Amino acid sequence: MPDRVVRSAAPDPVVPDSSAPPQPIVDALRNLGKDPSGIRLALRSDLSPDGTFGEQWLVLDDADLWVWERSNGSAQLRYNYSLDAIRDAKVERCVGNGLIQVAVDEEPRVLMHFSNELIDQFGRVAFYLHERAEEGPDTPVPDPDADAHRCRVCRQPLLDRSIKVCPRCIQRGRLMRRLLGLARPYRGRMVAIVALLLAGVLVDLLPPYLTRVLIDDVLRGDPPRHMLVTLVGGLLVIQIVRVGITLLTNWQTINLSTRFTSSLRDALFAHLKRLPIDYFDKNQIGRLMTRINQDTGELQGLISQMTTFALNILLVVGIGAVLFSMAPSLGLYVLIPTPLVLAAAFFYYRYMRPHFERFWIARWRLNATLNTFLSGVRVVKAFAQEEQEQDRYHRRNHQMLASRLQVDLAWSRFFPLVSFAFNAGGLIIWYAGGSAVLDDRITLGTLMAFLSYLGMFYGPMSNLTHISQTLNQFLTISQRMFEMLDEEPQTDQANPVRVPQVKGHITFENVTFGYDPYFPVIRDLNLDIKPGEMIGVVGPSGAGKTTLVNLICRFYDTTRGTIRIDGVDIRELSMEEIRRQIGMVLQTPFLFQGTLAENIAYGKPDATREEIIRAAKAANAHDFITRLPEGYDTIVGEGGTGLSGGERQRISIARAILHDPRILILDEATSSVDTETERQIQEALETLVKGRTTIAIAHRLSTLYNADRIVVLNHGRLEEEGPPRELLDNKGAFYNLVQLQTQLARIDGVAAL
Ligand code: ADP
């Protein structure tokens, strides 16, 4: 991560402009007659020109680029080029480090080396220089640090990569208002809970008062004996009423917290499914699962705790008022330990907060590790990485253990001190109250009642000392959830164009796309695919083949250029409509939990059994399905447990046949099966592709010989296109790929002998 990134033209108002390249460089620029406030970008490399650890800076203003080496407190200029002279730029990954190279007047020049972890940052600068050479000086200057995990508000590094705002910068008031807004449907219940809490407090206040009457008027006076029975009976009734109120409060609270969190989970899932694919690229599945399942569960527990806090606040206020009204002079003594305890709680909280944060993060990471392991257990086993996963889990578990110990031990030290303060406060009352009784200023009954109230007062008071900790946790979790709800969903434009019956004419016009806009993986692509045409897309791994089909499905939007289906820009079509017209058969077909029939009918849930069987027959799947004991009603697991790769593939072909799309995408559909299975799949595919626009990515190039046209991609560019025969005769890129594959197959064959 670079130390300093400076952008003078900052579009994002939260990026502070105070950072700057080191002073020696600023001074040196001044000596060259440059105004340092004109610096638009400064990026630090962690290697010196001789490849050892050191410091070099790449600095840009509107017109120039400089490379400075910084050593022993001075700055040495290594290169200076006019930006207008730079024709191109790129970064290259070498062994152990990377380099940035520019073409100045057609001459390649290496500017500097840097360690590989800085490659993204320098990549963005290189892309900017490349774009500027083509588009001119108005090209926006990137933020090389855009990916780094920093708090959106204070820009400090974030410990927890799952959030965007650090706990210190959370806007509590706003968050609470949003939470209350979400809880609006439960207003009635909330009012009921508050009413029950108030009633509970009032009932709690009665027994000590009756104790006073019991001591002063019944035990010491000379009333009829039945008064004693009445009072004790009264106390019993109060206890029963109290139990009733507690039961009702618990019932309402549990109902509120459970229903609220359940509706929150629904809302999160509803939002999640509308998020664009790149959100899922950036967030690990385990993390998302933790957030939806565990965070909501924790929120539920916290809501119950909040009710307890509310009860305690009411008790403290109610009892405080009674204490003062009963014996104002004693009331003041009650308050003596209170400021001490509050101050202690405040300092404790200040001291503990970082520990708590560390603990929450450790716990959350532990869960995410487990979730990720469970989601990827097959990969873990396939690569025999159990030990590594065990190590990872152990490390996370240990981190959680350490942070938990820190929190609990600190609490165990703090709590006895608080108890001591309160108990000492009680002794003061015994002394002052006892004196008042001896001097006949108050009755014994009043003192006893006072002491009972006191016992009830300090309990809730000490409980309130950790309200801030719980509240903080509550707000952090809520913040995380709102961040997810605030993620921009992929939406259609206001009035999407309707195309009732798509013909399947796809055009790419100057399409450039990068998952990171500064690293294009498809470049200036122009392609016209006629309705019903079958296109084979080939190219080395990483050439952008899958990306091409992702763009057709509008899983991502192009960075530049337009893709049209039947002449309409796909951004103007409704996404649902596009995807209804597209069918996919992927390399690793995904089967959902359910029966085979349900899986085949996934894209058309109302399909009849006859339709399902017809599709399965066309996909060469009927025979193997009927051989299974449960036939079409066989339950398959999430990953299609119990079926071979080829069988799963044919189920997914049947699914596509039933879905009946105008546009079909076959992504390496036959790559991992034996020859016999491949033949069966090929046959099934031939049925499927008839009359549809088909884009097929194939590992075995021979499977594409019957395509109408082959498109060869290389580094995201269209290298060659034409009918397969013609391309083979031309002996160009496709021919070379086929040759390479044939040679490899021959070597494999020899190795197998
Ligand atoms: P191909 O299908 O030809 O093997 P891809 O289209 O999958 O190539 O990938 C093209 C480039 O895009 C590769 O460099 C790959 O690392 C990158 N890439 C693919 N998917 C993603 C993604 N979801 N996020 C970031 N980069 C990606």
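Starting afresh in each chain, residues are numbered from 1 along the sequence in its written order. This being a predicted model, a pLDDT of at least 70 is required before a residue's local features are given, and a value of 80 or more before pairs of side-chain atoms are given or counted; all residues contribute to the totals for chains, interfaces and linings. Heavy atoms throughout the structure, all of them, feed into the side-chain values; hydrogens and water do not.

### Considering the overall build of the chain
Looking only at helices and strands, the chain has 22 helices and 19 strands in total. Here the C-alpha radius of gyration of the chain, 36 Å, is well above what a compact globule of 753 residues would show, namely 27 Å. Once the C-alpha set of the chain is aligned to its principal axes, its extents read approximately 120 × 85 × 55 Å. Whether two residues touch is decided by their heavy atoms; if any such pair falls within 4.5 Å, the residues are in contact. Considering only intrachain contacts with a sequence separation of at least 6, the fraction spanning at least 24 residues in the chain is 68%. For the chain, the computed accessible surface area is about 38,200 Å², with 57% contributed by carbon and sulfur atoms. Counting from the N terminus, the helices are the DSSP runs of H or I reaching at least four residues and the strands are the DSSP runs of E reaching at least two. Put simply, the radius of gyration uses C-alpha atoms, and a globule should come to 2.2 Å times the residue count raised to 0.38. To measure how exposed things are, a 1.4 Å probe is used in the Shrake-Rupley method; for residues, cover is taken only from the protein chains shown.

### Brief notes about helix 1 (residues 23–31)
Note on classification: 1.4 Å probe, protein chains only; a residue is buried when its accessible area is under 20% of the maximum for its type, exposed when over 50%, partly exposed between these limits. P24, I25, V26, A28 and L29 are the residues of helix 1 that are buried. Positioned one or two residues after helix 1, G33 has a phi angle of 85°, which is positive.

### Focus: the packing of aromatic side chains
Within 6.5 Å between ring centres, the rings of Phe, Tyr and Trp (the latter by its six-membered ring) count as paired, and their orientation is classed by plane angle as stacked under 30 degrees, edge-to-face over 60, tilted in between. With the rule as written, the count across this model stands at eight aromatic pairs. Judged by centre distance (6.0 Å) and plane angle (15°), the rings of Y79 and Y81 are stacked. Here F114 and F122 contribute two aromatic rings whose centre-to-centre distance is 4.2 Å and whose plane-to-plane angle is 5°, an arrangement assigned as stacked. In this pair, the class of F114 matches that of F122, namely buried. Cluster of aromatic residues (ring-pair linked, three or more members): F513, Y515 and Y556. The ring of Y705 carries the charged tip of R725 above its face, separated from the ring centre by 5.9 Å. Whether a charge lies above a ring is judged from NZ of Lys or CZ of Arg, which has to be within 6 Å of the ring centre and within 35 degrees of the ring normal.

### Observations regarding the pairing of strand 18 (residues 709–714)
With five of six residues buried, strand 18 is to be regarded as a mostly interior element. When DSSP locates at least two bridges between a pair of strands, those strands are taken to pair. With four bridges connecting them, strand 10 (residues 534–538) and strand 18 associate as parallel partners. When the sheet's bridge partners are listed, G536 is paired in strand 18 with I710. As judged from the five bridges shared by strand 18 and strand 19 (residues 717–722), these two strands associate in the antiparallel manner. When the bridges of strand 19 are listed, I710 appears paired with G722. Here strand 18 folds back onto strand 19, and the loop between the two strands holds two residues, one of which, H715, carries a positive phi near 50°.

### A look at the packing of helix 3 (residues 172–182) against helix 13 (residues 467–486)
Contact geometry for helix 3 and helix 13: axes closest at 10 Å, N-to-C directions at 70°. In terms of their interaxial angle, helix 3 and helix 13 are classed as roughly perpendicular. Judged by residue contacts, R172, L175, M176, R178, L179 and L182 of helix 3 engage L471, N472, F474, L475, S478, Q479, F482 and D486 from helix 13. Its residues placed into classes, the contact of helix 3 with helix 13 shows eight nonpolar, three polar and three charged. Note on geometry: axes are C-alpha line fits, over the in-contact stretch for helices, and angles between N-to-C directions span 0 to 180 degrees. Angle categories: roughly parallel below 35 degrees, roughly antiparallel above 145, roughly perpendicular from 65 to 115, and oblique for all the rest. Side-chain classes follow a simple rule in which Ala, Val, Leu, Ile, Met, Phe, Trp, Tyr, Cys and Pro form the nonpolar group, Asp, Glu, Lys and Arg form the charged group, and the remainder, Gly included, forms the polar group.

### Section: the site of the ligand
Near residues are defined by distance, with any heavy atom within 4 Å of the molecule or strand qualifying the residue. Inspection of the region around the ligand gives D281, Y515, V521, P540, S541, G542, A543, G544, K545, T546, T547 and Y556 as its neighbouring residues. Here an oxygen atom of the ligand and a backbone polar atom of G544 are 3.0 Å apart. A distance of 2.4 Å separates an oxygen atom of the ligand from a polar side-chain atom of T547. Here the shell around the ligand takes three residues from helix 14 (residues 545–552), the largest share from any one element. When the residues that make up the shell around the ligand are grouped by side-chain class, the tally is five nonpolar, five polar and two charged. A 3.5 Å cut-off defines polar contacts: any pair of N or O atoms within that distance qualifies, except that in protein one atom must be a possible hydrogen donor and the other a possible acceptor, and neighbouring residues in sequence count only when both atoms are side-chain atoms.

### Quick notes on a negative patch on the surface
Candidates for patches are residues over 30% relative accessible area with no salt bridge; among them, like charges are joined within 9 Å and nonpolar side chains (Val, Leu, Ile, Met, Phe, Trp, Tyr) within 5 Å. Here, a salt bridge means any side-chain nitrogen of Lys or Arg that lies within 4 Å of a carboxyl oxygen of Asp or Glu. Positive residues here are Lys and Arg, negative ones are Asp and Glu, while His and the chain termini are left out of the count. In this description, the location of a charge corresponds to atom NZ of lysine, CZ of arginine, CG of aspartate or CD of glutamate. On the surface, D88, E134, E135 and D524 cluster together into a negatively charged patch. The class for D88 is partly exposed, based on a relative accessible area of 33%.

### Focus: the pairing of strand 1 (residues 41–47)
Counting buried positions along strand 1 gives seven out of seven residues, so the element sits mostly inside the fold. The pairing of strand 1 with strand 2 (residues 53–60) spans six bridges and is classified as antiparallel. Residue pairing across strands places L41 opposite L60, the latter belonging to strand 2. Turn length for the strand 1-strand 2 hairpin, with the two strands adjacent in sequence and antiparallel, is five residues, and the turn residue G51 shows positive phi of about 90°.

### Details of the side chain of T253
Relative to the elements of secondary structure, T253 occurs in helix 5 (residues 226–272). T253 sits in the buried class, given a relative accessible area of 6%. Every residue in contact with T253, bar those within four places of it in the chain, is listed here: I193, S304 and T307.

### Thoughts on the sheet that holds strand 5 (residues 86–93)
Backbone-to-backbone hydrogen bonds join strands into a sheet, with any given pair of strands oriented parallel or antiparallel. As summarised here, the arrangement of the three strands in space is 5-6-7, forming an open sheet in which the pairing is antiparallel. One side of each edge strand has no neighbouring strand; the edge strands of this open sheet are strand 5 and strand 7 (107–115). Neighbour-to-neighbour, the strand axes of this sheet turn through a mean angle of 20°, independent of strand direction. Direction of pairing for strand 5 relative to strand 6 (residues 97–104): antiparallel, over a ladder of seven bridges. By the bridge assignment for strand 6, R93 is matched with G98. Strands in contact with helix 2 (residues 119–135) are strand 5, strand 6 and strand 7; relative to strand 5, the strand with the most contacts, it is inclined by about 160°.

### Description of the confidence of the model for the chain
The predicted model of the chain has a mean per-residue pLDDT of 82, with 92% of residues at 70 or higher. Between the elements of the chain, mean pLDDT differs from a low of 71, seen in helix 22 (residues 733–752), to a high of 93, seen in strand 8 (residues 506–513). By definition, pLDDT measures how confident the predictor is in each residue, and it falls between 0 and 100. Within the model, pLDDT remains below 50 along residues 1–19, and this stretch shows 48 contacts once partners closer than five positions in the same chain are excluded.

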